[in-house]
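An overview of the molecular structure
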Amino acid sequence: MLRALLLTLSIVAIAHAELCKPDAQNAFKVRISIKTALGDNAYAWDANEEYLFKAMVAFAMRRYSSKSTTQISNVLLCNVTDRVSFWFVVTDSSKNVTTVPGSEVEAAIRMNRNRINNAFLLSDKTLQFLKITSTLSPPVEPSTPVWLIVFGVVLCLIVAGIVFLIVSGIQKHKKKNKDSTERENLEEKVEVTLENGIPCEALDLKPGHINGVFAADDERFTSL
Amino acid sequence: MSKDLSAAPEISEEDGRPKWDNKFQYILSCIGFAVGLGNVWRFPYLCQIHGGGAFLIPYFIALLFEGIPLLHLELALGQYLRKGSIGAWNSISPYLGGVGVGSWIVSVLVSLYYNTVLTWVMWYFINSFQEPLPWSVCPLNENRTGFNEECYESTSVNYFWYRKTLNITPDIAESGKLQWWLILCLAACWLVVYLCTIRGIETTGKAIYVTAIFPYLVLTIFLIQGLTLPGATEGLIYLFTPNLNTLKNPRVWLDAATQIFFSLSLAFGGLIAFASYNPTKNDCEKDAVTVAIVNSMTSLYASIPVFSVLGFKATTAYWDCLDRNIINIINEFDLPEESIMRQNYTSWISFLNSSYPEKIAGLKLKSCDLQEFLDQSVSGTGLAFIVFTQAIILMPGSQAWAILFFIMLFSLGLSSMFGNIEGVFTPLLELQIIPKSAPKELLSGIICLISFLIALSFTLGSGSYWIDIFDRYAGSVPLLVIAFFEVIGVVYIYKIKRFSKDVEWMTGRKLNLYWQITWRFISPLLLLIVFMAFVTLQMQRPPSYTAWNPKYEGFPMKEEKVYPPWVQAICVLLAALPCVCVPLVALFHLVKQKRRSKDPSFVPPEVFSCHGANSNFSHTKE
C-alpha cells in the first residue's frame, strides 16, 4: 500500500516535472522585481509567497471559467531563481496530466491582472508575465484641454491691456483737442470784444473821446 | 555750403520727437535688443563645439575689433542725426539712402519670422500648465495596445515638437495645412507686440523694464537649480575645458566674428532708431561699450545654467543606458535584483564576458559612454524645445521649471522684437506714410496686422523649414553687407574727420585713437573677410536641409534633402533684396542728378544735399 502510494507520488512528480519546465507548452514565465517596486519595504520571496501566487492564479482561473474545479494544487511552479523568476503551468483536474490551454490562462490572468498585482503590492512592470501583454490605460484627458484655458486667460489679459491703452490714448487726444479748442476760444473771445474796431480794453482804459458837439451843448443846461 | 560743416547743428530738441523717460530706459532697451534667444541657444553651443574656454579668445577679439566699434558707430549716428535708419542715411548722403532702405527691409523680414519662434515658445508655455507635461508621455495608438508608432521610435519630446506643435511635413515642397493652434498663438504674440509697441518708445520703454530684467532673474534661479543637479559639474567642466587646438581652425574665428555681429543686432536700424530718441549731448561712447560688454557677459552667464542642465541630462541618459543594460543582464542570467549596480557594472561585464561571451553578445548591449552623451550638441530650437524640455521632465517640480523657462525665452525674444519693430516703425513714422493727424496707434496696428497676415504662412506644415531659410539667408548675409556699407559710408563718404567732430560735440571728449583705427581700417577689413568667408562656406555645400520624415529608413534620424530650385531662388532673393537696395538707390539718385544737371533752369541742389536736415541750420557758430 505504501509502495503504491510512493509509486503514484513519484509518477505524479515526474508528470509534474514533465508539465512544468522552461518553454513547456502552455507554460508562462513570471518575473518579479520586488526591490525595484518597494525599495526598503521589500519582502522576501519564499514558499508562502509562492503559495499565495498559486492561490491567485487558481482564483483567476475560477473567476474566468466560473467553474470551481481549479485547485491550488493544479498550479505548478518550477525553476525558481534568485532573480526572482519562475515558470508556472495550470493543470486540468478533469483530464489527467494535461495542462489548461495557454490562451485560457492568458485570458484569465488578463482579466484579473489588477487583483493579482495588488495582492503582491506590485504593478504591471514589476510583476511581469512574459508573453502576456497588458492593456495600457489611456491617459486622463480633461474635457477642455488645459492649454486652451490658459490661452484664454492670456488672451483676455492682452486684449484688456490693448483696449485700456487705446481708450486712454483717445481720451488724451480728446483732452488735447479740448485744450487747444479752449485756447482758441479764449483767443476768439479776446478778439470778439472789439467794438467798432476799437478793443474794449482800450475803451475801458483810455478815457473816452469827448464829442465836442455835445460838450458844447452841456453849457446850455443848468447844473442841478 | 562747405562740406566741412562740422560744428554743432542747432537741431532743436523741442522738435516734438518722443524721448526716453530716462537714460536707464534707453540702455535697457539697447541691451534687451542685443540680448536675445541667440545668447541662450547659440553661444553655449559654439563654446561647446569650438573647444570650450578657448572659444572665448576669438570671441573677445571679435568683440573688441568688430562689435564695439560698429555699435558705437550706429549709436552715434542715430543720436546725432535724430532720425530712423532711412532718414539718417538720407541725411548722410542721398546716395547712401539705400543702406537705410536695406536695413529697413531686413528688419521687416526678421520681424516676420522671429515672432513665429516666439509663437512656438508661447505654445510650449501654455502647455506647461498640464500635469504630466504633454511632452513627457507618448500617446497610445488606436487600439491601445502600445504607443503611437512615430512617438515610440523617436522620443516623446521629439514627437511633441515635430507632430503636436509643428505638424511638420516631410518635405518643404509639401505645404500642409494651417495649424489652427499655431494661428491662435501667433495672433496672441502679435497682440502682445502691438500692446507693447502701440505708441512707440512711450510704451516699449515701460515694457522693457520687465522684459529685459526678468530673464536675468530666471537665469539666476536656473543657475542655482542647475548647479544642484547631479551631473552638472560634468557639463560645466566639459564646457569650459579649453582646447586650444581648435584655434587653428579658421572656422572658429569665423563663427566668433559672426556670433558677435549677429548677437549685437547690428545693421538692423533698430539701434539707430533707439539712439535717435536720445538728447544729443549724451555719451554714446560709454553707452556702446556698456551695451556690448553686458551682452557678452550675459552670453557667458547664460551658458552656465544651460550647461549644468545639459550635463545633468547627459548624466541621466548615461545612467539610463547603464540601468537598461543591467536589467537585461540580470534578466538573462536570473541574478538577484540589485546585484549589479552602476558602480560595479564594468567589473561584472568583464567577468561575464569572459565566462559567457556568446550570451553577452546575444544581448546586444549598447555601449554607454558619458562623453558620447555630452558630445551631443544642439543649438537653436533643438536646444530649447527638445533637449531642454527633456531635461525639465527629469527635474522635480517640472511644471514650474517649464513655465519659468518658457517665460524667460519669451521675454528675451520679446525685447529683441521691440528693437526689430522700432527699426520698422520709426522710419515709416518719419516718411509720414499716414497723415500726421492720425494717431501713432494706427500705424503700429497696421504694421502688426500686416505682419500677422504674412506670418500665417509660417504656421503651415512646412513653416519651420521656411523659418530656417529666413534665418539663414535674410538674417545673415544682408546684415554683413549693410554694416560694411555703414562703416564705409560714415568713414569715407561722410568723412571721419567730420564724424569725429560730431561725436566730440556729443560726448565732450576727443575721439580715441582706438575708434579711429577700428573705424577706418580694422572693422571694414574684418567685415569684408567675414563676408567673403561666409559666402564661400555657404557656396561650398549645396543648400540642403534636414527633414523630419517618419517614412525614412533611417528614422528617427532626420533625412538630408536638397532645396528644390524654386526654393533656392527664394533664398537668393531674400539675401539679395536688402543688399541690392544700396546700389539701386545710389543709381537712382545718380540718374536723377544727371537729369537735373542737364536742365539749365534748375538750381543745382548741392547746396542742400549731403547734409539733409542739418543744412536748414546754416547759421552755425563758426
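As a reminder, the structure under discussion sits directly above these lines.
Not measured: the values here are computed from a predicted model.

Time to look at the interface of chain B and chain A. Counting residues at the interface gives 33 residues for chain B, matched by 33 residues for chain A. Between chain B and chain A, roughly 2800 Å² of surface is buried when both sides are summed, and carbon and sulfur atoms account for 68% of that area. Run the count over chain B and chain A and you get 2 salt bridges. For the salt bridge of A:K29 with B:D334, the shortest nitrogen-to-oxygen distance reads 3.9 Å. Across the chain B-chain A interface, the total number found is 8 residue pairs in polar contact (both at pLDDT 80 or more). Residue assignment for the side of chain B that touches chain A shows that the elements contributing at least two residues are α6 (97-127), α9 (180-197), α10 (201-228) and α14 (284-333) of chain B. Looking at the side of chain B that touches chain A element by element, the count peaks at 9 residues for α9(B). When grouped by side-chain class, the residues that make up the side of chain B that touches chain A number 19 nonpolar, 7 polar and 7 charged.

What follows concerns the sheet that holds strand β1 (residues 28-32) of chain A. Whenever strands of a sheet pair, they do so through backbone hydrogen bonds, lying parallel or antiparallel. Residue and element names in this part refer to chain A. On the basis of which strands lie adjacent, the open sheet formed by 4 strands has the order β2-β3-β1-β4 and antiparallel pairing. In the strand order of this sheet, the two ends are held by β2 (75-78) and β4 (127-129), each with one partner. Neighbour-to-neighbour, the strand axes of the sheet open up by a mean angle of 25°, direction not taken into account. When β1 meets β4, the two strands line up antiparallel, connected through 3 bridges.

This paragraph deals with the packing of α6(B) against α9(B). Residues and elements named next belong to chain B. For the pair α6 and α9, interaxial distance at closest approach is 8 Å and the crossing angle is 115°. In terms of their interaxial angle, α6 and α9 are classed as roughly perpendicular. Seen from above, α6 lies across α9 with right-handed handedness. Along its contact with α6, which presents S111, N115, T116, L118, T119, W120, M122, W123 and I126, the element α9 presents W181, L182, C185, L186, A188, C189, W190 and V193. Residue classes in the contact of α6 with α9 are distributed as 13 nonpolar, 4 polar and no charged.

Once that is clear, we can look at a positive patch on the surface. Together, B:K497, B:K501, B:K510 and B:R520 make up a region of like positive charge exposed at the surface. By secondary structure assignment, the location of B:R520 is in helix α24 (residues 513-540).

All names here are of chain B. Among the 8 residues in helix α5 (residues 85-92), 7 count as buried, and that is most of the element. Of all the positions in α5, only S85, I86, G87, A88, W89, S91 and I92 are classed as buried. Those residues of α5 hidden inside the fold are in contact with α4 (56-81), α6, α13 (270-276), α19 (398-431) and α22 (477-493).

Attention now moves to the state of the cysteines. All names here are of chain B. This model, assessed by the stated rule, comprises 2 disulfides over all chains. Covalently, C138 is tied to C151 through a disulfide, its sulfur atoms 1.8 Å apart. An S-S torsion of about -85° defines the bridge between C138 and C151 as left-handed. In this pair, C138 is assigned in the loop between α6 and α7 (149-153) and C151 in helix α7, connecting sequence segments 13 residues apart. There is no split in this pair, since C138 and C151 are both buried.

The rules behind these values
- Residues numbered from 1 in each chain as written.
- Chains lettered and ligands numbered in written order.
- Predicted model: local features only at pLDDT ≥ 70, side-chain atom pairs only at ≥ 80, totals over all residues.
- Heavy atoms only, no water.
- Contact = heavy atoms within 4.5 Å.
- Buried area = accessible area lost by both parts, 1.4 Å probe.
- Salt bridge = Lys/Arg side-chain N within 4 Å of Asp/Glu carboxyl O.
- Polar contact = N/O pair within 3.5 Å; in protein donor to acceptor, adjacent residues only side chain to side chain.
- Helix = DSSP H or I, 4+ residues; strand = E, 2+ residues; numbered from the N terminus.
- Nonpolar A, V, L, I, M, F, W, Y, C, P; charged D, E, K, R; others polar.
- Pairing = 2+ DSSP bridges.
- Axes fitted to C-alpha atoms, helices over the stretch in contact; angles between N-to-C directions.
- Parallel < 35°, antiparallel > 145°, perpendicular 65-115°, else oblique.
- Left-handed = near helix turned anticlockwise from the far one by under 90°.
- Patch = residues over 30% accessible without salt bridge, like charges linked within 9 Å, V, L, I, M, F, W, Y side chains within 5 Å.
- Areas by Shrake-Rupley, 256 points an atom, 1.4 Å probe, with all protein chains shown as cover.
- Lys, Arg positive; Asp, Glu negative; His and termini not counted.
- Charge placed at Lys NZ, Arg CZ, Asp CG, Glu CD.
- Buried < 20%, exposed > 50% of the residue type's maximum accessible area, 1.4 Å probe, protein only.
- Disulfide = S-S within 2.5 Å.

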